[in-house]
Structure formats: structure tokens, C-alpha cells
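# Per-entry structural report
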Amino acid sequence: MKQKYGAFTALQPTDLEVRAGEFLTLLGPSGSGKTTLLNLTAGYLEPTEGRIFIGDRDVTHLPARRRNIGMVFQNYALFPHMTVAENVAYGLKVRSVARNQILARVQACLALVQMEEYSKRPIQQLSGGQQQRVALARALVIEPDVLLMDEPLGALDKQLRRSVQLELRRLHQEHRRTTIYVTHDQEEALVLSDRVAVMSQGVMQQLGSASEIYNAPRNAFVAGFIGESNLIPAVIKRLVGEEAEIEVPAFKRTLTVTAAPSLSPGTEAQLLLRPEHLIVTHDGEGVSAEIVEVIYLGELTAYTLKLEGGQTIAARQITDRVYSLNSRVRVTWKPGTARAVPIT
Ligand SMILES: Nc1ncnc2c1ncn2[C@@H]1O[C@H](COP(=O)(O)OP(=O)(O)OP(=O)(O)O)[C@@H](O)[C@H]1O
Ligand SMILES: [Mg+2]
């Protein structure tokens, strides 16, 4: 599908197939098109081009209320004048479910999010985390085919975020309801998801498991967005199978590294080196650098290293020996971890 707002294309043509029962996260910076993609799925927007299916059902032209989708928003969107139970019951009432069934299903869903003791409380007397649990119960109570969540934990503080994350993970592992989740927090995406779709500028840059995206990013944007990375300018000399021969001016040498797809000889690219893959030694074959920052982290020590050309890179080492500030060192990396990626 594709989405334009006037002349502006918020979502470039995108094919996305979510597997039944999976937890898929749309991850990307502000303005990358995550909400647009979610709202197209929910039916709050009609695509400028393309079609949307839920199972075999073509829902492209169905209104949101007929798609059997549960939606959780960032700002909860609860009814403030109703109690917890009334909020959760709402979706069933408008679907004319029988009263005794409503009671049972509301209680069951409140139990699921560990809020059954709060059913008679007015919404205004709940904390943010509790409100978000109610919003989740309200989305689940209609037994949706797909659960959609748009930055549902955005308003919570870090600790609460973490506990609701674990709760969402537990719920998904127990019930395996197909879920599309939106966040711009990479850690949250990694904790929750079976697969992650990394979005930028209306383009789905990469779709894969957390480890695929971390270990085999398709381009510099994905590499930079997930985890810590050093990206060092390079030029592609030659491509042979899965490997690239690259020239790295900052290292004053030519290297053979793993090649991301869609590189071409003669073009500029980036060398990706993760901080934890770098090996710092006092002497040997490595690239020469100076230690300009040392941060002791307990088991690990984080270094900032200045290369001869002036660029700095980050390294993390097990704290078995500590190199002191301003000392000259040599840097290498674990075999197979260096990767050439296209600039975007
Ligand atoms: N109704 C609209 N009219 C015009 N432009 C819009 C509209 N809604 C969104 N956009 C634009 O489309 C782009 C994608 O917006 P979208 O809301 O999908 O981003 P997002 O990834 O959800 O960002 P955030 O993390 O900030 O919520 C943005 O550039 C935004 O300004
Ligand atoms: Mg958004």
C-alpha cells in the first residue's frame, strides 16, 4: 500500500505481510510513517494505492469498526466519566453482546491485565500504567483478529514502561494474538517482537528478526538505528560473492569484509563495526589509535578511540585490563564482524 497526504507521500509503496500469531513492531524515528501504516491497517485511513487483507478478507474499504481490530493509543483514549469496567465493556455493548456475557468477558480481560480489583474505579483515579492496562483490556475484550498498538507506553516513566513491556510479552506468549506494535524505542522493539520493521522516511528499510537486523543490517540507517555502531566512510572496490573489498581512508588500508546486499563497485559506502566487536591491544597489526575517553562500566570498559585521520570510534571491552587515557593502541575486530553497508 501507499499513502499520500495531499502531494506529500507519507508512506512509499510498501508490502508488508504479518504472520498469524506474530508480534511485529514498526520501529522508526518521528515522521517515518509508523502511525500512517497502522492507521491504514486499522481503517482510520484509506490507502491512496494498494490493498489490505486480514487473513483472506479484503478490508481495504471496510470501516474501522467492521475490521475486528483492537487498537491501543499512546494517550489511552479512555472515557474519563466511566469506570474501569464500563470502559472495557463499551466495545461489547456497541456490538450488542448479551449482558451476562459482557460481565464475564470484562472480568476475564481485567484479570488478564491484572486489574480485576479496580473494575469499579473511575478512570481519573488510576495511574498512567493502570490506565494503559485498562486500554489494553478494552482492546482485547472484543477478541480482535489483530491487535494494533501505537506507542502505548509513550506516556509512562521508564520503570513502569519496563513492567508493562514484560506484561505485554507474557500476554503475547500465552495468547499469540497477531499484533502490530509501534515504537521509536529500539530496546522496546527488541524485548517484545518476533520481527521488527525498521521505517525511515516512509520506507520500510528492513524487516527481520531482532538478531537479523542487528547482525545483518541492510544499510547505514538500520545499522545506526539499532544498537551502537561505528560507521566509517569507505569505497567499494570489488564485490565477490558475499564479500566486499573496500578501501577505508581512515584506516589507510584495504579490507575484505562481509557485504550487505545492493552495494555496487566504485560507490561510497560505510564500514560498520559494532563497539563490542572491536579488540584493543597495545601492539600488533591493528589500526593505530589514541584513547581519548575511558568509562569504567564494571564488567565492561567503554573507550572512545581517535583514529589518525581524526574520526573517533567507540569500543567496549571486557575489563581484564584497562588502557589509560591518551595511550596509543592498536584496534582490530573479531573475524567476520566487519560489514560494508550502503549509505542509505
Ligand atoms: N493528516 C496528515 N496530513 C498531512 N501530513 C501528515 C498527516 N499525518 C501525518 N502526516 C505526515 O506524514 C509523515 C508520517 O507521519 P506518521 O504520523 O505516520 O509518522 P510516525 O512515524 O508515526 O511519527 P511519530 O513517531 O512522530 O508518531 C510525517 O511527515 C507527517 O508530518
Ligand atoms: Mg506516530
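Residues numbered from 1 in each chain as written. Chains lettered and ligands numbered in written order. Predicted model: local features only at pLDDT ≥ 70, side-chain atom pairs only at ≥ 80, totals over all residues.

## Considering the pairing of strand β14 (residues 268–273)
A regular strand places its side chains so that they alternate between the two faces of the sheet. With five of six residues buried, β14 lies mostly within the body of the structure. The pairing of β14 with strand β20 (residues 339–342) spans four bridges and is classified as antiparallel. By the bridge assignment for β20, L271 is matched with A340. (Buried ≥ 20, exposed ≤ 12 C-beta atoms within 10 Å, placed from the backbone. Helix = DSSP H or I, 4+ residues; strand = E, 2+ residues; numbered from the N terminus. Pairing = 2+ DSSP bridges.)

## Some points on the site of ligand 1
Residues in contact with ligand 1, as listed here, are Y5, F8, A10, G28, S30, G31, S32, G33, K34, T35, T36 and H184. When residues of the shell around ligand 1 are traced back to their parent elements, those giving at least two are β2 (8–11) and α1 (34–42). In terms of residue class, the shell around ligand 1 is built from three nonpolar, eight polar and one charged. (Near = placed C-beta within 6 Å. Nonpolar A, V, L, I, M, F, W, Y, C, P; charged D, E, K, R; others polar.)

## Describing the packing of helix α2 (residues 84–93) against helix α4 (residues 128–140)
For the pair α2 and α4, the least separation of the axes is 7 Å and the interaxial angle reads 30 degrees. Classified by the interaxial angle, the pair formed by α2 and α4 is roughly parallel. In this structure, α2 meets α4 at a crossing whose hand is right-handed. On α4, the residues that touch V84, N87, V88, Y90 and G91 of α2 are V134, A137 and R138. Classifying every residue of the contact of α2 with α4 by side-chain character gives five nonpolar, two polar and one charged. (Axes fitted to C-alpha atoms, helices over the stretch in contact; angles between N-to-C directions. Parallel < 35°, antiparallel > 145°, perpendicular 65-115°, else oblique. Left-handed = near helix turned anticlockwise from the far one by under 90°. Contact = placed C-beta atoms within 7 Å.)

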